Amino acid sequence: MKKGLVLIACFAVFVSHNAIAAVNPGAKSLSDSTIALLMLQLQQECKQVYTAYYDKLNEVENALKFTGNLYKIALVDTDKLDLLFLKDSLMTEIKYLRKSEMNDISKLRYQKGLQIIKILYEKILSLDHHFAAVRTFNEISNLSNPNHYPDFLKAKQSMQKQTDKKKQFDLGAILDKNIVTSVVYSFINILNSPAPKDEKENDLKNIECIIDFTLQMHQDLKTIFYETSFLQQSNESLKADIEQLFKDYTKPIKYDSTLSLCRTNDDWDRVAELLEKYMLNLKQCIATKETDAKIYKLQVNLEFPIDRLLQFIGSYNNFISQGEKYYEKFKVVLNSYQNKQQCASVIPPEYVKLKDDIDVAISKFKTAYKPVEVNGSKLKELLYGVNEFD
């Protein structure tokens, strides 16, 4: 019986040591990877951890069951006592393995969450560059202001020369720049002109497309500018949110630099070092049988930032979806001009370029800016650590 007990004890020690050696969930550097690849790798790595611990736990549980059976048939009190001690040791080993399994999975999820933050931050910075390249208010206003069309200015000056000086009046600097008053003033000059009817009609024909285009598109182009400005401000808010998220995410591991500086200084290795230090402390707490409350607190400190990350991903996806809808609306607005064929010769190239830019923006919102692969419940399952063996 003594020899059997020794063999069982050796087996338990073998299980304990090999369980730790077999599970080493270190994360690889995936700075250039997509979120889809990160999720696939997380799924594979979690499966490896679950499988390793499942096998080891199964061995210890079998040993525990075998020890219980030996206890039932033991006749000597000292043998029973030894078996009780061994049973207690195996139960402690099971608790240790389960806590270690949770820690290794939490570490994997935390690492992948950090890499997702890194990828999303780059997308938000790309959006920053996109909105910075959007035309200014003056550029968009000029498209819908007839006073910025040489043919209109030329016709306007010609009409003023032909009009009776006594009937002329000065609009002033402000009203002269106003689209409506400038167009009305031009019509008044045509009416007051002493030129023959045919000449007046010809003058009007020369500028009719300019007037038609600018009056029809004036409000629409202003709307595009203001709504683009709104999207830009929303992106700034999103940028501030992810920077705060990074601060909260790395607070448990005591990383005190900002996301912007971390990116600029390429300080990701430092973040990884602090995480390793944190996990080592957690593992030591489990090994030295610290209170469950302390261990639980250390584990929750890693879980809470992951929950915040999922909330942010929802906000990010909503913003991208909103941005895509806005640009689809802009496309409809710009294509709504009815006389584009008749007036093709006066439509400025900047207007055509604006339409092309909006098409490019729609494409980017559907692909480059939108992390489609993080939508749905799969991400939650992976980041919350659903164990397929449960």
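Structure first, text after, so check above.
Rules used in this analysis
- Positions within a chain are numbered from 1, following the residues in the order the chain's sequence is written.
- Note on the predicted model: pLDDT of at least 70 is required for a residue's local features to be given, and 80 or more for side-chain atom pairs to be given and counted; whole-chain, interface and lining totals, by contrast, use all residues.
- Water and hydrogen atoms play no part in the side-chain values, which are based on all heavy atoms of the structure.
- Helix and strand labels come from DSSP, where a helix needs a run of H or I of at least four residues and a strand needs a run of E of at least two; each type is numbered from the N terminus.
- Burial here depends on accessible area, computed with a 1.4 Å probe over protein chains only, as a share of the maximum for the residue type. Under 20% is buried, over 50% is exposed, and the range in between is partly exposed.
- The contact rule is simple, with two residues in contact once any of their heavy atoms fall within 4.5 Å.
- Per-residue and other accessible areas were derived by the Shrake-Rupley procedure at a 1.4 Å probe size, with only the shown protein chains allowed to occlude residues.
- By disulfide we mean two sulfur atoms from cysteines, separated by a distance within 2.5 Å.
- For helices, the fitted axis covers only the stretch in contact; all axes are lines through C-alpha atoms, and the angles between them, taken along N-to-C directions, range from 0 to 180 degrees.
- Throughout, the term roughly parallel applies to angles under 35 degrees, roughly antiparallel to angles over 145, roughly perpendicular to angles from 65 to 115, and oblique to all others.
- Crossing handedness is defined as follows: a turn of the near helix away from the far one that is anticlockwise and smaller than a right angle gives a left-handed crossing, while the clockwise case is right-handed.
- In this classification, Asp, Glu, Lys and Arg are treated as charged, Ala, Val, Leu, Ile, Met, Phe, Trp, Tyr, Cys and Pro as nonpolar, and every other residue, Gly included, as polar.
- Nonpolar cores were defined as sets of buried Ala, Val, Leu, Ile, Met, Phe, Trp, Tyr and Cys residues, with membership established by side-chain atoms within 4.5 Å.
- Side-chain atoms alone can form a polar contact between residues adjacent in sequence; in general such a contact is a pair of N or O atoms within 3.5 Å, and within protein one must be able to donate a hydrogen while the other accepts it.

Student: Honestly, the overall build of the protein in this entry has me stumped. Any pointers?
Tutor: If you tally the helices and strands in the protein, you get 13 helices and zero strands. Per-residue burial over the protein gives 42% buried out of 390 residues. Counting only contacts in the protein whose residues sit at least 6 apart along the sequence, the fraction spanning at least 24 positions is 82%. Working note: accessible area of the protein is about 21800 Å², and carbon and sulfur atoms make up 55% of it.

Student: Explanation requested: the state of the cysteines in the structure shown.
Tutor: As used in these notes, a disulfide is a covalent bond between sulfur atoms, one from each of two cysteines. Enumeration according to the criterion identifies one disulfide in this entry. Across the disulfide, C209 is cross-linked to C343 (sulfur-sulfur distance 2.1 Å). Judged by the torsion about the S-S bond (-75°), the C209/C343 disulfide is left-handed. Taken together, the positions of C209 in helix α8 (residues 197-250) and C343 in the loop between α11 (292-334) and α12 (349-366) put the pair 134 residues apart, joining distant regions of the chain. When its relative accessible area of 3% is taken as the criterion, C343 is described as buried.

Student: Even after reading the chapter, I still don't get the packing of helix α10 (residues 268-287) against α11, so can you show me in this structure?
Tutor: Packed helix pairs are specified by the crossing angle of their axes together with the interaxial distance, meaning the distance between the axes. Contact pair α10 / α11: the axes reach a minimum separation of 9 Å and the direction vectors enclose 155°. In terms of orientation, α10 lies roughly antiparallel with respect to α11. Considering only the axes of α10 and α11, their crossing is left-handed. Contacts between α10 and α11 involve L275, Y278, M279, N281, L282, C285 and I286 on the former and, on the latter, K294, I295, L298, Q299, N301 and L302. Residue composition of the contact of α10 with α11, grouped by class: nine nonpolar, three polar and one charged.

Student: It is not clear to me how the nonpolar core should be interpreted in this structure. Could you clarify?
Tutor: The tendency in soluble globular proteins is for nonpolar side chains to be buried as a group. Grouped together as the largest cluster of nonpolar side chains are 89 residues, with contacts concentrated most on I242, Y316 and Y327. It is helix α3 (residues 77-132) that provides the largest number of residues to this core, a total of 18 residues.

Student: Is there a simple way to explain the side chain of K112 in this structure?
Tutor: Along the chain, the position of K112 falls in helix α3. A polar contact is formed between the side chain of K112 and the side chain of E45, at a distance of 3.1 Å.

Student: What is the right way to read the environment of N281 from this model?
Tutor: Mapped onto the secondary structure, N281 falls in helix α10. A relative accessible area of 34% means that N281 is categorised as partly exposed. For N281 and I295, which are 14 residues apart along the polypeptide, the C-alpha to C-alpha distance reads 9.8 Å.

Fair warning: the whole summary comes from geometry, so function is off the table for now.
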